Amino acid sequence: MKSNVKVARGVEDLFGTLDENLKLLEKWFQVSTHLSDQTLEIEGEEANVNRVQGFLKDYNDLVEGGACFDPADVQSILRILSEDPEATFKGLAEAGRPRTLGRKAVSPKSLNQRRYVDAIERHDMVFGIGPAGTGKTYLAMAMAVDALLTREVSRIVLARPAVEAGERLGFLPGTLQEKVDPYLRPLYDALYDFLDPDRVERYIEKNVIEIAPIAFMRGRTLNDAFVILDEAQNTTSEQMKMFLTRLGFNSKAVITGDVTQIDLPNGKRSGLVEAVEVVAKVEGISFIYFNEWDVVRHSLVQRIIRAYESYDQARAANGGPRPGQEESSAYS
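Reading the values: the criteria
- Residues numbered from 1 in each chain as written.
- Predicted model: local features only at pLDDT ≥ 70, side-chain atom pairs only at ≥ 80, totals over all residues.
- Heavy atoms only, no water.
- Axes fitted to C-alpha atoms, helices over the stretch in contact; angles between N-to-C directions.
- Helix = DSSP H or I, 4+ residues; strand = E, 2+ residues; numbered from the N terminus.
- Left-handed = near helix turned anticlockwise from the far one by under 90°.
- Contact = heavy atoms within 4.5 Å.
- Nonpolar A, V, L, I, M, F, W, Y, C, P; charged D, E, K, R; others polar.
- Polar contact = N/O pair within 3.5 Å; in protein donor to acceptor, adjacent residues only side chain to side chain.
- Buried < 20%, exposed > 50% of the residue type's maximum accessible area, 1.4 Å probe, protein only.
- Phe/Tyr/Trp six-rings, centres within 6.5 Å; stacked < 30°, edge-to-face > 60°.
- Salt bridge = Lys/Arg side-chain N within 4 Å of Asp/Glu carboxyl O.
- Pairing = 2+ DSSP bridges.
- Right-handed = clockwise from strand over helix to strand, strands pointing away.
- Core = buried A, V, L, I, M, F, W, Y, C linked by side-chain atoms within 4.5 Å.

Chemist: Give me the lowdown on the packing of helix α6 (residues 111-122) against helix α7 (residues 136-149), citing residues and values where you can.
Modeler: In the contact formed by α6 and α7, the axes pass within 11 Å of each other and the chain directions differ by 40°. At the point where α6 passes α7, the crossing takes the right-handed sense. For the pair formed by α6 and α7, the contact residues are Q113, Y116, V117, I120 and E121 on the first element and K136, L139, A140 and M143 on the second. When grouped by side-chain class, the residues that make up the contact of α6 with α7 number six nonpolar, one polar and two charged.

And the structure:
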C-alpha cells in the first residue's frame, strides 16, 4: 500500500538530524518513505501505513495548533508508539507534557516510564524494577518533589541500603552522616536537579527531606510522607519486610532496584527478589518492569545491557549461576 501525507512546517524537528527519526519510523513500523516538497510518500503493509498516517496527522494538527516538539521528544513518542498499538501521538503528547518541578521540566520518555508515572499517581506502593539508566529513581524523585511542592505530603523520606558495590571502602572518618553520605550520593544528585541547593539544605535541616540508610527506618511509622527505597536489590529479606511495613497514613512508597546488580554477601537473598514473589498479588501494589528500551542514557548503554543479558542467559543455559547466585555482580 502507498500513501501520500502532507507534512507541517518544522520537518527538521519531526525527522531529526540527518533524518534520524525518519529512519527509526521506517525501522519500527516496517515502511519505506520518500520526502518531496513537504509531502511524505509512505509504502508498506496497510496497517503499518495507516499507523504512520495517524502519527503524521496528529503531528500536523498539534503543530498547527501551536505545539512545538524537539527531535528527542518525537523519538521518545515514536518509541512508545512502536511498543503500544493502542497509543496515539496526540494522546502521548498530551499525557506526557513536561511537568515543571522546581527548576526542572520532566516528562516520561518511554512507554514503561509513562506506566511508572501513572502507577505512582494511582497506587500507594510501586515497585520499579529494571536496569540502570531507565529513570526509576529519577522519576520517583520527580514525583516525590511534585507531591511535596503541591502539599500532597508534608515530607520526603529517601532510603538506601549501605552496601558496597563490589568494592571494599574500608574505614570512613567523620560523623555517622558523613560515613553514610557516599552511599546516598545518587539520591542527593537527583534531588539537586529539582530544587535549589539552598532549599534542599533547608528542607534537610528541618527534616522535610530525610535521607538515610534503610537501617534507620526500623521501629518507625511514616505518615504523610513520600518514601523512596533506592537500590532495593541490596536489601536483605528482613530489611525489605521491615521497610514495607513502615508505610503510614497518607503516604506513598516507591521501591526501585535492578535484580541483575545484587551486591549482598554470599548466602544472603535479595529482599527485592523475595518481595516480587511474596507481595506480587497484593491489592494496591503495582509492579513496573523496565528494559533496555527504557534507558535514557547514552545509546551505548542500551547495547551494553543487551550484551550482559545475552551473556547471563548463555551462562545460565550452560548450567552456570545467574547473577546474584554467586559472588557480587561486577557491573554496576
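Now that the structure has been shown, we can carry on.
Chemist: Outline the side chain of N112, listing residues and values.
Modeler: Assignment of secondary structure puts N112 in helix α6. Within the local environment of N112, its side chain forms a polar contact with the backbone oxygen of Y289, the two atoms lying 3.3 Å apart. Among residues more than four places away in sequence, those in contact with N112 are I288, Y289, F290, N291 and D294.

Chemist: Can you explain unusual backbone geometry? Please cite residues and give values.
Modeler: Here the phi dihedral of Q30 falls at roughly 55°; this positive angle occurs in a residue that is not glycine. For Q30, the position within the fold is in the loop between α2 (20-29) and β2 (31-36). Judged by relative accessible area, which is 60%, Q30 ranks as exposed. Despite not being glycine, D224 has its phi angle at roughly 50°, a positive value. With respect to the helices and strands, the residue D224 is situated in the loop between β8 (209-213) and β9 (225-229).

Chemist: Talk me through the packing of aromatic side chains; I want residue IDs and the actual numbers.
Modeler: With the rule as written, the count across this model stands at five aromatic pairs. Look at Y188 and Y192: their rings are 6.4 Å apart centre to centre, the planes differ by 25°, and that puts the pair in the stacked class. Of this pair, Y188 and Y192 both sit in helix α8 (residues 176-194), separated by four residues, roughly a single helical turn. Consider the rings of F287 and Y289, whose centres lie 6.4 Å apart with planes at 15°: the pair is stacked. On the basis of relative accessibility, which here comes to 16%, the residue F287 falls in the buried class.

Chemist: How would you summarise the pattern of salt bridges if you had to cite specific residues and measurements?
Modeler: Side chains that differ in sign of charge can pair as their charged atoms come close. Per the stated rule, a full pass over the model turns up six salt bridges. The shortest N-O distance in the salt bridge between R160 and D230 comes to 2.9 Å. Here D230 lies in the loop between β9 and α10 (237-244) and R160 lies in strand β7 (residues 155-160), a separation of 70 residues in the sequence. For the pair shown, R160 and D230 are each scored as buried. Taking the shortest distance from any N to any O, the salt bridge between R269 and E274 comes out at 3.8 Å. Taking relative accessible area as the criterion, E274 reaches 25% and is therefore assigned partly exposed. Each of R160, D230 and E231 takes part in salt bridges that share partners, so that together they form one network.

Chemist: How would you sum up the pairing of β9? Please name residues and give values.
Modeler: Among the five residues that make up β9, five are buried, leaving the element largely enclosed by the rest of the structure. Because side chains alternate across β9, one face comprises the buried residues A225, V227 and L229, and the other comprises F226 and I228, equally buried. With four bridges connecting them, β9 and strand β10 (residues 252-257) associate as parallel partners. When the bridges of β10 are listed, F226 appears paired with K252. In terms of handedness, the path from β9 via α10 over to β10 forms a crossover that is right-handed.

Chemist: Go over the pairing of strand β11 (residues 285-289) with me, naming the residues and quoting the values.
Modeler: Across the five residues of β11, four count as buried, placing the element largely inside the fold. In the sheet, strand β6 (residues 125-129) pairs with β11 via five bridges, with the strands oriented parallel. The residue bridging G128 from the neighbouring strand is I288, located in β11.

Chemist: Requested: an account of the environment of D258, with residues and values cited.
Modeler: Residue placement: D258 occurs in the loop between β10 and α11 (271-278). The exposure class assigned to D258 is buried, which follows from its relative accessible area of 7%. Between the C-alpha atom of D258 and that of A132, which follows or precedes it by 126 residues, the distance is 7.1 Å. Look past the residues within four positions of D258 in its chain and what remains in contact with it is G130, P131, A132, Q233 and L272. At 2.8 Å, the side chain of D258 forms a polar contact with the side chain of T260.

Chemist: Pulling in residues and values, what's your account of the nonpolar core?
Modeler: With 35 residues, the main nonpolar core has Y116, L158, L191, I209 and F226 as its most contacted residues. For this core, the element with the most residues is α7, which contributes nine residues. Discounting chain neighbours no more than four positions away, the residues touching F226 are I120, A140, M143, A144, A147, V153, R155, I156, V157, K252 and V254. Core analysis: the second largest hydrophobic core is formed by 28 residues, I42, F55, F69 and I77 among them.

Without other data, these values stay purely geometric and don't point to any function.
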